[in-house]
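Working through the structure, step by step
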Amino acid sequence: MAVETAVKTRWVYTFGGGRADGDASMKNLLGGKGANLAEMSSLGLPVPPGFTITTECCTYYYAEGRTYPGDLKDQVTAGLTQIEQTTGRTFGDPANPLLVSVRSGARASMPGMMDTVLNLGLNDATAEGLAKLAGDRRFAYDSYRRFIQMYSNVVLGLDHHMFEEILDEHKDRLDVTVDTALAAEDWEAVVADYKTAVQNELGAPFPQDPQAQLWGAVGAVFASWMNDRAKFYRRMHDIPESWGTAVNIQAMVFGNMGETSATGVAFTRNPSTGENRLYGEFLINAQGEDVVAGIRTPQALTKIAREEMGEKNPSMEEALPDVFAQFKTVVEKLEKHYRDMQDIEFTVEKGRLYMLQTRNGKRTAKAALKVAVDLASEGLISREEAVMRVEPGSLDQLLHPTIDPGSPREVIATGLPASPGAATGKVVFTAEEAERMGSAGESVILMREETSPEDIRGMDAARGIVTARGGMTSHAAVVARGMGRPCVSGAGEIHIDAKVREFRARGRTFREGDIVTIDGSTGEVLSGAVKMIEPELSGDFATLMGWADGVRRLKVRANAETALDAKTARQFGAEGIGLCRTEHMFFDPDRIAAVREMILADDTAGRRAALAKILPMQRDDFVELFQIMEGLPVTIRLLDPPLHEFLPHTEEDVAAVAEATGLDAKKLLRRAQELHEVNPMLGHRGCRLGVAYPEIYEMQVRAIIEAACQIAASGKTAPIPEIMHPLVAKGEEMKFLRELTDREAKKVMAEQGRAIEYQVGTMVELPRAAIRAADLAEHAEFFSFGTNDLTQTTFGISRDDSGRFLNTYIEKGIFDKDPFVTIDTEGVGDLIRIAAERGRAARPGIKLGICGEHGGDPASIAFCEAIGLDYVSCSAYRVPIARLAAAQAAIGEREKDR
């Protein structure tokens, strides 16, 4: 034990016997399980007595080198005494033994991630006492063997398979298949063999001192907070490591005391569909771990569920009708009390019901929507509460085809879940082959080491994308999310041999044309075709989104540059386009030759001649977007990437392009070499192109204004184009670009004889631009924060290379989250705040939004609401997520003001 703490802290809170020291509001201190056990006790429900060691003790345990506070032992002893007084049994007493369970319980539910020990307090003496006390020797030694196996695995670190093999040997000897067939003397023999195995493995006997057992189990539960699966689960669900876990020590009740005893798990509504019907399973003559272990087949709770499943074994409703009637009343009371679907664990001991846990149940997105809408319709919660009940990110499950949960999965590789949804198709290794096969009506999965902008058409043609390298915000991930294509990125165990057109993974070889399925929601690549479920966006989805739209302040736009993107965005409720990347249009095969001709031109006249070929195609692009968006704002970013991205780089590619286009191969290669940059991300790109080659931006401005005039002339609602200049750093740049834009726009409007309203702004993606925002606002009517590049330039981290070390930074606590997924509010966020304040000071009413990948991230959207931005823009398939997150952010900000 550590030295006595200076200030006496309460580490232990008791519950049971119709009273409790805590309640449901104390989840941060008591963990979810402890807080709800206290609450159920106060409600007068049948809860075995116990006590909770707080999460603060867990924090102390890790801060002080895995030691306990000096006064914890006395508080635990007092807690045990209270359990003893309530139950009439004594911990460690051979004649009248109290047994306890020791369970974890963090403030956020982490099912199965941490450790539990049941039947603690059993030893050779108390097992005999329990047998006499219960009048059931079989039950006592069944419990003892369970305890030895669980304690040895969780606390002593022994492999549970060793014990299962011993048990299987006994079953084989007895010629039985189920545990319930073993008699008392059989369990005594199993116990003896278990103890011998422990002695052989550890060189020491199985612990017989109940106090030593108790402290060993408490330490194991605290230690399990930092096990690998718990850490992975916390990263996946954004649960801070600093929260810690509580430990719940509770009197054991036994579901393995014969045919009138049972144990089970129940949900007050179906967690898969949300249907308002009791859902779950139970086992007679069993303990809790039996239900999930799969050794015996659990039985249905209700008669109707048993009949629907075609089961013969009786349901709880039929086998234990009186207890079931009481149970049904209790669970209905719990749902009304907590005003949410409950996940409940229970035990029946000799016909008496005990409640062991209740918590808000985990559920699918479909179920979450239905439960929220139904609870609001039933008057249990308000519409605003219903909006707050659905996790925005979970809507991804509904917006893309998903794999049927009942279908078998043969996983051949795992990467990052870069873009949700699922797809099946033939493997191809080049964008060209994907495009060729896709245009022929075949479903393909494009598999690359990594993708580049030149792959855009192949990515568009593919049903899904897999890359061996890259992270969650790599080119493949960002583009796939924008297209609504499922994507698995960074699948490092895939080894691609593009020359022979095959890939290897986990000792298997797959060739081009072989069928695979990808699950972008889990990051898995599967062998063969797997059954899919198509999304449905009506009903509860439409109802809840309508409620969300009624409370949110932030507008939600989409990043879109193709007609399909724009139509999808409108379907999902986008209120405009917040980012149209014009460079993606330049890669079209019909215009790439003219783009390359422009790059190869020796003078301005040559560039203008090539740009004149591109103009009508670019204008048609904008006409199509303006028609789809029907008067909604459309923000168009002028050309951003460096020109070398449009040129072939290898001699082989140069020769192929030269042959196909008639361009000079030597000149192509020489120009590509001339344009090569050591660090193109910070090179001749963005508005620097417009300053160096103003004719490029003039052509694009002309195309935008001519398209707007064409829409107005057709009698449709004219759009308000927002012309955005990328990578501006100085007020002088913005002044030059504003004058260029206005000059060309006026020229077009004079030619067309029509006045068109438009705005000119900039994409803020450099720290200097944020700090000197007032200079830019003199000439810019809107700022759109390009948070992808602003994060790169603020941290000095390459987004595409960050996957190599960011996870290490997160594991070591340097980063809480990937800053390319969720805005770094302290650094990047401060720059956005500064830019917003200074921009508004210089130009009151300036429009402010973000258009990076963060625009679809709920935590980042909450930040945007807090600092008063006007809109967020995200990929089309994240628009509903952003709408819901914006509504929740608005409700959250109102709550702060109350």
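Computed from a prediction, not measured in an experiment: that's the story for all the values here.

**Focus on a negative patch on the surface**
On the surface, a cluster of negative charge is made up of D159, E164, E165, D168, E169, D172, D175, D193 and E201. When residues of the negative patch are traced back to their parent elements, those giving at least two are α6 (160–174) and α7 (184–202). Considering each element in turn, the negative patch owes the most residues, 5 residues, to α6. Among the structural elements, E164 can be located in helix α6.

**Re the sheet that holds strand β13 (residues 352–360)**
Reading across the sheet, the 5 strands line up as β11-β10-β9-β12-β13 and stay open at both edges, with antiparallel pairing between neighbours. Each edge of the open sheet carries a strand with a single partner, namely β11 (299–300) and β13. With 8 bridges connecting them, strand β12 (residues 342–349) and β13 associate as antiparallel partners. Pairing of V348 across the sheet is with L353, part of β13. Here helix α13 (residues 321–338) sits on the sheet in contact with β9 (262–267), β12 and β13, set at roughly 25° to β13.

**A word on the nonpolar core**
With 148 residues, the main nonpolar core has L395, L544, F622, F626, I705, F783 and F785 as its most contacted residues. Here this core gets 12 residues from one element, more than from any other, and that element is helix α28 (residues 694–713). Residues in contact with L395, not counting those within four places in the same chain, are A365, L369, V390, F541, M545, P880, I881 and L884. Judged by nonpolar contacts, the second largest core, of 70 residues, contains Y68, M113, L167 and Y233.

**Digging into the packing of helix α14 (residues 365–377) against helix α20 (residues 540–551)**
Viewed as axis vectors pointing N to C, α14 and α20 meet at an angle of 65°, and their least axial separation amounts to 9 Å. The handedness of the crossing between α14 and α20 comes out as left-handed. In this structure, α14 uses L369, K370, A372, V373 and A376 to contact α20, whose residues at the interface are D540, F541, T543, L544 and W547. Taken together, the residues of the contact of α14 with α20 break down into 7 nonpolar, 1 polar and 2 charged.

**Let's talk about the state of the cysteines**
Under the defined criterion, the tally for this structure stands at 0 disulfides. The structure places no disulfide on C580, whose sulfur is separated from the nearest cysteine sulfur, that of C851, by 11 Å. Under the relative-accessibility criterion, C580 is labelled buried at 0%. Between C864, a cysteine without a disulfide, and C851, which holds the nearest cysteine sulfur, the sulfur-to-sulfur distance is 11 Å. C864 sits in the buried class, given a relative accessible area of 0%.

What counts as what
Residues numbered from 1 in each chain as written. Predicted model: local features only at pLDDT ≥ 70, side-chain atom pairs only at ≥ 80, totals over all residues. Heavy atoms only, no water. Patch = residues over 30% accessible without salt bridge, like charges linked within 9 Å, V, L, I, M, F, W, Y side chains within 5 Å. Areas by Shrake-Rupley, 256 points an atom, 1.4 Å probe, with all protein chains shown as cover. Salt bridge = Lys/Arg side-chain N within 4 Å of Asp/Glu carboxyl O. Lys, Arg positive; Asp, Glu negative; His and termini not counted. Charge placed at Lys NZ, Arg CZ, Asp CG, Glu CD. Helix = DSSP H or I, 4+ residues; strand = E, 2+ residues; numbered from the N terminus. Pairing = 2+ DSSP bridges. Contact = heavy atoms within 4.5 Å. Axes fitted to C-alpha atoms, helices over the stretch in contact; angles between N-to-C directions. Core = buried A, V, L, I, M, F, W, Y, C linked by side-chain atoms within 4.5 Å. Buried < 20%, exposed > 50% of the residue type's maximum accessible area, 1.4 Å probe, protein only. Left-handed = near helix turned anticlockwise from the far one by under 90°. Nonpolar A, V, L, I, M, F, W, Y, C, P; charged D, E, K, R; others polar. Disulfide = S-S within 2.5 Å.

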